[in-house]
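Report on the structure
Read off the chains here:
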Amino acid sequence: MKFVPCSFRKPKPTPPLGFGRYFTDYMFTMRYREGEGWLEPSIEPNVPVSFDLATSIFHYAQGVFEGMKAFRQPDGGLAVFRPDENWKRMNNSADRLCIPRFDEGVAEEGLEELLRLEREWVPEGKGTALYIRPAIIATRPALGVHASSEYLFFIILSPVGNYFGHGAEPTKLLVEENFCRAFPGGTGEAKCLGNYAVSLKAGELAARQGFDQVLWLDAAERKYVEEVGSMNIFFVIGGEVVTPALVGSILPGITRKSCLSILRERGYRVSERRISIDEVAEAAESGALEEAFGTGTAAVVAPVGLIRYRGHDYVVRDGKAGKITQMLYDTVTGIQNGLLPDPHGWRRRVL
Ligand code: COI
């Protein structure tokens, strides 16, 4: 792998780190050219790069990304949580966007080398991690609407704390009935740039009313709960843990998958099925809605304290985290931080 040394060292940030505000000194890159494949895996200084303004990523958003985290271990080492799952999902997203697949082994090797080089940037405090952002963007300067013949794959790193600005406080969600994030046959299950751009308007309107995020409904009927945009969503209703089934318009979250495994192993009644917003509202009214929480790499396992739907505020558990939410948070973070055994082999040691 090519290595280009840095002539600078950025100062390390002090807490609170927030999310995605600081970036380390180095990045990993590789480039694709039609007829040649993915070439030139390199570690180089993370400095601004310039592109022709005709570059297709700026016009047609042919790009995908991922989110992972590296965690400090009790022995001073470093581990990444389930990176193989992220590489697999990234290649699936790439396929959907007509981006050529990459070699997952090369990406993993690049990531591990980058992490070893940047190990000093992994924060130490509770709830912190080194966030890993791999992405692929179309880099050919051309305005015709077709797949690019050139791409840049990169990985940048960011020391992070809590995703939501308010610490571990339960989140407030606004059910969105006008805009939609994804639709049948669309790109909802791919982690592609456009999915996030379309969510911004609703997110901004919700934030102005004091909400953290919107809860998206299905596009066809505006009836079934889908996801939150930065998290998958779970409800505990009358003892059953329910999360929307992956119907094509929902991101197949890796924290979601991990939580489902933990719940099933511990004997909880779990279902992945369609769940209507009316079912959630009725459960909240009758007292059957015991817990609600979101899962995601950035969000981890985040309790939901309030859901507003059609002007009515449904408060979940008096706005406090429930037992199952807390158990999942403790188990997932315990495995990530090396404080609990790792029976599934989810921790990938890098150091
Ligand atoms: C993640 O959880 O890694 C995400 O990608 C969600 C968001 C920060 C875009």
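Now for a quick tour of the structure. Worth saying up front: this structure is predicted, and the values here are computed from it rather than measured.

**A word on the overall build of the protein**
Secondary structure assignment for the protein yields eight helices and 17 strands. Rg of the C-alpha trace for the protein: 20 Å, near the compact-globule value of 20 Å for 351 residues, within the 12% margin. Principal-axis analysis of the C-alpha atoms gives the protein an extent of 60 × 50 × 35 Å. Here the protein holds 351 residues, and 53% of them are scored as buried.

**Section: the side chain of asparagine 86**
Summarising the element assignment, asparagine 86 is placed in helix H2 (residues 83-96). Look at asparagine 86 and you get buried, because its relative accessible area is 2%. Separated by 2.8 Å, the side chains of asparagine 86 and glutamate 66 make a polar contact. Each residue touching asparagine 86, except ones within four places of it in the same chain, is listed here: Glu66, Gly67, Met68, Phe81 and Ile254.

**Let's talk about the packing of aromatic side chains**
Using the criterion set out here, one finds 15 aromatic pairs in the structure. The interplanar angle of 85° and the centroid separation of 6.0 Å between the aromatic rings of phenylalanine 28 and phenylalanine 153 together place this pair among those described as edge-to-face. Here phenylalanine 153 lies in strand S8 (residues 150-160) and phenylalanine 28 lies in strand S2 (residues 26-33), a separation of 125 residues in the sequence. Take phenylalanine 28: its relative accessible area is 0%, and that puts it in the buried class. Note on phenylalanine 153: relative accessible area 0%, which makes it buried. Here a set of aromatic residues connected by ring pairs shows up, and it is made of Phe28, Tyr32, Trp38, Trp87, Phe102, Tyr151 and Phe153.

**A look at the pattern of salt bridges**
Tallied over the entire structure, the rule returns 21 salt bridges. The partner of glutamate 36 in a salt bridge is arginine 33, and the shortest N-O contact between them spans 3.3 Å. According to the relative accessible area criterion, glutamate 36 is partly exposed, its value standing at 48%. Taking relative accessible area as the criterion, arginine 33 reaches 29% and is therefore assigned partly exposed. The partner of arginine 348 in a salt bridge is glutamate 108, and the shortest N-O contact between them spans 3.3 Å. Placement of the pair is arginine 348 in strand S17 (residues 347-349) and glutamate 108 in helix H3 (residues 104-117), with a sequence separation of 240 residues. Owing to a relative accessible area of 8%, glutamate 108 belongs among the buried residues under this scheme.

The rules behind the values
Residues numbered from 1 in each chain as written. Predicted model: local features only at pLDDT ≥ 70, side-chain atom pairs only at ≥ 80, totals over all residues. Heavy atoms only, no water. Helix = DSSP H or I, 4+ residues; strand = E, 2+ residues; numbered from the N terminus. Rg over C-alpha atoms; globule rule 2.2 N^0.38 Å. Buried < 20%, exposed > 50% of the residue type's maximum accessible area, 1.4 Å probe, protein only. Polar contact = N/O pair within 3.5 Å; in protein donor to acceptor, adjacent residues only side chain to side chain. Contact = heavy atoms within 4.5 Å. Phe/Tyr/Trp six-rings, centres within 6.5 Å; stacked < 30°, edge-to-face > 60°. Salt bridge = Lys/Arg side-chain N within 4 Å of Asp/Glu carboxyl O.

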